[in-house]
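A structural walkthrough
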Amino acid sequence: MSAAGRVVLVTGAASGIGRAVAQAFAEAGDRVVVADLDGTAAGRVAAELGALALPLDVTDPEAVAAGLERVAGELGPVEVLVNNAGIVAGGGSLVDLPIEIFDRVVAVNLRGTFTVTKVAAAQMIEAARGGCIVNISSIGARQPTAGLGHYEATKAGVDALTRTGAIELAGHGIRVNGVAPGPVHTPMTAGLMTDPAARGAWESRIPLGRIATPGDITPLVLFLASPQAGHITGTVVQVDGGQLLV
Ligand SMILES: NC(=O)c1ccc[n+]([C@@H]2O[C@H](COP(=O)([O-])OP(=O)(O)OC[C@H]3O[C@@H](n4cnc5c(N)ncnc54)[C@H](O)[C@@H]3O)[C@@H](O)[C@H]2O)c1
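No experiment lies behind these values; they were computed from the predicted model shown.

**Quick word on the sheet that holds strand S7 (residues 236-239)**
Pairing within the open sheet is parallel, and its seven strands lie in the order S3-S2-S1-S4-S5-S6-S7. Every interior strand has two partners, whereas the edge strands, strand S3 (52-55) and S7, have only one. Neighbour-to-neighbour, the strand axes of the sheet open up by a mean angle of 20°, direction not taken into account. With four bridges connecting them, strand S6 (residues 174-181) and S7 associate as parallel partners. Bridge pairing in S7 places Pro 181 opposite Val 239. Most of the contacts of helix H2 (residues 39-49) go to strand S2 (residues 31-36), to which it runs at about 160°, and overall it touches S2 and S3.

Dropping the structure here:
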């Protein structure tokens, strides 16, 4: 696999962390696919980055298969996959959370990661040139916050898929790793960040004293997808200002 000019597919790339990751790969000279449920936003971001827009719902296996076939036809098989699409969809204790919210978050974060991995990894195996998969997890997979159990369970599942993928795909030269951010300033957290009390509560948990920006997350994603990380697979690395330590 070449170091640049690779076909890089980022899900949920029209906003937040995914957008920043897509931009960083594009600036490194890779051929980026901006895949997102919001097709209009995907088109806008892709135009800004000189990338290919792919309207895509990761919860729809047929759409995923068709979308990745389109990518293979237009750019070639996917060489780097970043499973970033994710939602929180609300909060609530395990007693109070509506089961519909639990099902929605599982469908996007966990089942969506599985579905896109399944199709992209099959493309990588067929192309026989190796590949990289980076899953965007969360430190919530390892550190609970009351009211977010549904979301955190999906990210723990994503970490499990990362490890299984790493051993199953290693023989094909495909590495699978995860990046686990702590809280990050994005549209997902915008509501929380405008509430000074909520923001202060989050900041007080972070030894480095500030909430991350998407630009804090992107370098690790690019590194894990690079040849320099050629002997790293099955890891999930936190980018959390030290929050997991306390
Ligand atoms: N923001 C944080 O504090 C934070 C912390 C840890 C982990 N994460 C993870 O980072 C990833 C990106 O989060 P963000 O904060 O940038 O969120 P965001 O809301 O800014 O962006 C998420 C993007 O995913 C897209 N999306 C939603 N459902 C989709 C679907 N079914 N198919 C395809 N695309 C879909 C949305 O349209 C949106 O463009 C998520 O997996 C999230 O869980 C975020």
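**Focus on the site of the ligand**
Around the ligand, the structure places 28 residues, and the nearest of them are Ser 15, Asp 36, Asn 84, Tyr 151 and Thr 186. One of the backbone nitrogen or oxygen atoms of Val 184 is found 2.8 Å away from an oxygen atom of the ligand. Separating an oxygen atom of the ligand from a side-chain N or O atom of Thr 186 is a distance of 2.5 Å. Notes on the ligand: free accessible area 830 Å², of which the protein chains cover 91%. More than half of the atoms of the ligand fall within 2 Å of the grid points belonging to the largest pocket. The set of elements that each furnish at least two residues to the shell around the ligand consists of helix H1 (16-27) and helix H5 (149-169).

**Some thoughts on the pairing of strand S5 (residues 131-136)**
Summarising burial for S5: six of the six residues are buried, a large majority. Going residue by residue along S5, you find Gly 131, Ile 133 and Asn 135 tucked away on one face and Cys 132, Val 134 and Ile 136 tucked away on the opposite face as well. Where strand S4 (residues 80-83) and S5 come together, four bridges link them in parallel fashion. Counterpart to Leu 81 in the pairing with S5 is Ile 133. Where S5 lies against S6, six bridges are found, and the strand directions are parallel.

**Some points on the packing of H1 against H2**
Running from N to C, H1 and H2 point in directions that differ by 25°, and their axes come no closer than 10 Å. When the interaxial angle is binned, H1 and H2 end up roughly parallel. Between H1 and H2 lies a crossing whose hand is right-handed. Here H1 contributes Arg 19, Ala 22, Gln 23 and Ala 26 to the contact with H2, which in turn contributes Val 45, Glu 48 and Leu 49. Its residues assigned to classes, the contact of H1 with H2 shows four nonpolar, one polar and two charged.

**Notes on unusual backbone geometry**
Here the phi dihedral of Ala 89 falls at roughly 70°; this positive angle occurs in a residue that is not glycine. Turning to its location among the elements, Ala 89 is positioned in the loop between S4 and helix H4 (99-127). Judged by relative accessible area, which is 28%, Ala 89 ranks as partly exposed. The phi angle at Ala 128 is positive, at roughly 55°, despite the residue not being glycine. By the element assignment, Ala 128 lies in the loop between H4 and S5.

**Remarks on the pattern of salt bridges**
Enumeration over the complete set of coordinates arrives at six salt bridges. Glu 48 is paired through a salt bridge with Arg 19; the nearest N and O atoms lie 2.3 Å apart. Of this pair, Glu 48 sits in helix H2 while Arg 19 sits in helix H1, placing them 29 residues apart in sequence. With a shortest N-O distance of 2.8 Å, Arg 210 and Asp 216 are connected by a salt bridge. Looking at Asp 216, the relative accessible area reads 28%, which means it is partly exposed.

Rules behind the numbers
- Residues numbered from 1 in each chain as written.
- Predicted model: local features only at pLDDT ≥ 70, side-chain atom pairs only at ≥ 80, totals over all residues.
- Heavy atoms only, no water.
- Pairing = 2+ DSSP bridges.
- Helix = DSSP H or I, 4+ residues; strand = E, 2+ residues; numbered from the N terminus.
- Axes fitted to C-alpha atoms, helices over the stretch in contact; angles between N-to-C directions.
- Contact = heavy atoms within 4.5 Å.
- Near = heavy atom within 4 Å.
- Polar contact = N/O pair within 3.5 Å; in protein donor to acceptor, adjacent residues only side chain to side chain.
- Areas by Shrake-Rupley, 256 points an atom, 1.4 Å probe, with all protein chains shown as cover.
- 1 Å grid on protein atoms, 1.4 Å probe; cavity = no way out; pocket = protein on both sides within 12 Å on 5 of 7 lines; lining within 4 Å.
- Sits in = over half its atoms within 2 Å of the grid points.
- Buried < 20%, exposed > 50% of the residue type's maximum accessible area, 1.4 Å probe, protein only.
- Parallel < 35°, antiparallel > 145°, perpendicular 65-115°, else oblique.
- Left-handed = near helix turned anticlockwise from the far one by under 90°.
- Nonpolar A, V, L, I, M, F, W, Y, C, P; charged D, E, K, R; others polar.
- Salt bridge = Lys/Arg side-chain N within 4 Å of Asp/Glu carboxyl O.

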